[in-house]
Amino acid sequence: MIALKTPAEIAIMRENGRILAQILDKLCEKVRPGRTTQFFDNLAEMLIREAGAVPSFKGYSGYPASINASINEEVVHGIPSLERWLEEGDVFSIDIGLLRNGMHVDMATTVAVGNVDDIARQMMDVGERSLWEGIEQVKIGNRLSDISHAIGSCVEAAGFHVVKEYVGHGIGKALHEDPQIPNYGPPGHGMRLRPGMALAIEPMIKIDSLPTQVQADRWTVVTGSGGLSVHFEHTIVLTDDRAVVVTLGGDEKA
Ligand code: MG
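Attention here is on the structure that accompanies the text. In this text, all values refer to a predicted model and were calculated from it rather than measured experimentally.

**Points about the packing of helix H3 (residues 118-136) against helix H4 (residues 144-157)**
Inference 1: Following both chains from N to C, one finds H3 and H4 inclined at 155°, their axes separated by 8 Å at the closest point. As the angle between them shows, H3 and H4 are arranged roughly antiparallel. In the crossing of H3 with H4, the sense of the turn from one axis to the other is right-handed. Residues Val126, Arg129, Ser130, Glu133 and Gly134 of H3 lie in contact with H4, whose contacting residues are Ile147, Ala150, Ile151, Cys154 and Val155.
Inference 2: By residue class, the composition of the contact of H3 with H4 is 6 nonpolar, 2 polar and 2 charged.

What follows is the structure in structure tokens.
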């Protein structure tokens, strides 16, 4: 069932999205070799709580932290740790969500730790571009798989592969709501997009076409080959006349 959002709920999501984007910006500014992933989790939780919000991920199905901190071959759900350090040349994916005034917002980005190689740079560019190509399909009357198709074809055209085991999702009073939004597939399928829908669109892309694996901690998802992976996500709401990317900071407008 799709929970359509009221104008009041959309207004809250827009405020929450702006707050979350500013927090993620602050985390990204602190990325440098030698910092632990725990450092980012501590800072994230402090900033989320200072904003009068609650970390969406903490306690979700027993997840122990406020962010996912995933390095290199880790696709998503990396658990922050005092024993994981960022190193020069890593790609570092931070996924973060908050709950405030009853509504969740969710976003992710991948950043370079110092200088990264050309492939890593290219994957980050393609990952971000595929997210925006998906977002462009969020229009009243389009179908859900138009988003999936736009993302998948962008990634494949660049010679990378989308992760198929994990998907984007509806979002609102719950962190994960219907519908699921795969990052691949033919266009023109699934439900029609309509005002009041709120979607977290999140391409996860990787260098190999092998299935992903879950590590012994039962959370961390890694690529099948050990090759690189990147992850980008925004929360988008569809109003009566346009799609609004709520997880943008400052004065940026979609
Ligand atoms: Mg998400």
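**Points about unusual backbone geometry**
Inference 1: Here the amide bond leading from Asp178 into Pro179 is cis, since omega sits at 0°, within 30 degrees of zero.
Inference 2: Residue placement: Pro179 occurs in strand S8 (residues 177-181).
Inference 3: In this model, Asn101 sits at a positive phi of 50°, which is unusual for a non-glycine residue.
Inference 4: Tracing the sequence through the fold places Asn101 in the loop between strand S4 (91-100) and strand S5 (103-112).
Inference 5: Judged by its relative accessible area of 54%, Asn101 falls in the exposed class.
Inference 6: The backbone of Arg218 sits at a positive phi, close to 70°, despite the residue not being glycine.

**Concerning the coordination of the magnesium ion**
Inference 1: Protein coordination at the magnesium ion: the donors are Asp106 (OD), His169 (NE2), Glu202 (OE) and Glu233 (OE), at 2.2 to 2.4 Å from the metal.
Inference 2: Residue Glu202 is classed as buried on the basis of its relative accessible area, which comes to 7%.

**A few points about the side chain of Asp146**
Inference 1: Along the polypeptide, Asp146 turns up in helix H4.
Inference 2: For Asp146, the side chain forms a polar contact with the main-chain nitrogen of Arg143, separated by 2.8 Å.
Inference 3: When neighbours within four sequence positions are excluded, Asp146 is seen to be in contact with Gln137, Pro187 and Gly188.

**A short note on the pattern of salt bridges**
Inference 1: Counted according to the given criterion, the structure contains 7 salt bridges.
Inference 2: Arg84 is paired through a salt bridge with Glu74; the nearest N and O atoms lie 2.5 Å apart. With a gap of 10 residues between them, Arg84 in the loop between strand S3 (74-76) and S4 and Glu74 in strand S3 connect regions that are remote in the sequence.
Inference 3: Glu74 sits in the buried class, given a relative accessible area of 6%.
Inference 4: When salt bridges that share partners are traced, they join Glu45, Arg49 and Lys58 into one network.

**With respect to the sheet that holds strand S10 (residues 204-206)**
Inference 1: Taken together, 3 strands build an open sheet; the order of strands is S6-S10-S13 and the sheet is antiparallel. Both outer strands of the open sheet, strand S6 (161-162) and strand S13 (229-231), are each paired with one neighbouring strand and no more.
Inference 2: Where S10 lies against S13, 3 bridges are found, and the strand directions are antiparallel. Looking at the pairing, Ile205 lines up with Val230 of S13.

How each quantity is defined
Residues numbered from 1 in each chain as written. Predicted model: local features only at pLDDT ≥ 70, side-chain atom pairs only at ≥ 80, totals over all residues. Heavy atoms only, no water. Axes fitted to C-alpha atoms, helices over the stretch in contact; angles between N-to-C directions. Helix = DSSP H or I, 4+ residues; strand = E, 2+ residues; numbered from the N terminus. Parallel < 35°, antiparallel > 145°, perpendicular 65-115°, else oblique. Left-handed = near helix turned anticlockwise from the far one by under 90°. Contact = heavy atoms within 4.5 Å. Nonpolar A, V, L, I, M, F, W, Y, C, P; charged D, E, K, R; others polar. Buried < 20%, exposed > 50% of the residue type's maximum accessible area, 1.4 Å probe, protein only. Donors = N, O, S within 2.8 Å, 3.2 Å for Na, K, Ca; no water. Polar contact = N/O pair within 3.5 Å; in protein donor to acceptor, adjacent residues only side chain to side chain. Salt bridge = Lys/Arg side-chain N within 4 Å of Asp/Glu carboxyl O. Pairing = 2+ DSSP bridges.

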